[in-house]
Amino acid sequence: MLTFLKAQASSLAASATDFVVTVLLVEFTGTRVVLASIEGTISGGIVNFIINRSWVFAAGEKKPLAQIFRYVLVWTGNLALNASGMYLVTHYTRLNYMISKIIIGIIVGVLYNYFLQKKFVFK
C-alpha cells in the first residue's frame, strides 16, 4: 500500500507539471489544446520517471537503459490514451479542456500507468 501511495504522490507531481505546461501553452502561446496536452504529458512523463525510479520503486541501482526503454513503451501508450481521450472528450462533449484533462488523467493513471510501471518498468 505504501508503494501505491508513493506512486500517487509521484503522479500528482507529474500531473502538476503536465497541467502547468498545458495551461501555459494554451493560455499564453495560443497552442492548440491537444498539442499543448501532448507537450504537458511529455513534461509530466519526465518528472514521473525520475521520481518513480529514485523514490517510488527504489529502482535506481537497476539497469537504467532497460528501465528507460520500458518506460518509454508504457509512456507512449499513456500519451496515446491521454491525447485521444482529450480529443474525444473536448470534441464531443465540449467540456473545458482542463476538466477533460483531469478526467482522462485519473482514468489513465489508475487503470494503466501504476500497474504497468510496477509490474513491467520497475520490476
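Everything here concerns the structure above.
Along each chain, the written sequence defines residue order, and numbers are assigned to residues from 1. Local features in this predicted model are restricted to residues of pLDDT 70 or higher, and side-chain atom pairs are both shown and tallied only at a pLDDT of 80 or more, whereas totals for entire chains, interfaces and linings draw on every residue. Only hydrogens and water are set aside; all other atoms, that is, all heavy atoms of the structure, feed into the side-chain values.

Stacked, edge-to-face and tilted labels apply to pairs of Phe, Tyr and Trp rings (six-membered ring for Trp) whose centres lie within 6.5 Å, assigned for plane angles under 30 degrees, over 60, and everything in between, in that order. All told, the structure shown has six aromatic pairs when counted by the stated rule. Centroid distance Phe4 to Tyr114: 5.0 Å. Interplanar angle 90°. Geometry classified as edge-to-face. One end of the pair, Phe4, is in helix H1 (residues 2–29); the other, Tyr114, is in helix H4 (residues 97–121), with 110 residues separating them in the sequence. Its relative accessible area of 27% is what places Phe4 among the partly exposed residues. Buried, partly exposed and exposed residues are distinguished by accessible area as a fraction of the type maximum, computed with a 1.4 Å probe on protein chains only: under 20%, between the cut-offs, and over 50%, respectively. Given a relative accessible area of 10%, Tyr114 falls into the buried group. Aromatic side chains Phe49 and Phe122 sit 5.7 Å apart centroid to centroid with 35° between the ring planes, which places their arrangement in the tilted category. Within this pair, whereas Phe49 is found in helix H2 (residues 33–56), its partner Phe122 is found in the segment after H4, the two being separated by 73 residues in sequence. The way it works is that DSSP assigns letters per residue, a run of H or I at least four long becomes a helix, a run of E at least two long becomes a strand, and they are numbered from the N terminus.

On to unusual backbone geometry. Positive phi, normally seen in glycine, also occurs at Arg94, with a value near 65°. Residue classification places Arg94 among the exposed positions, given a relative accessible area of 67%.

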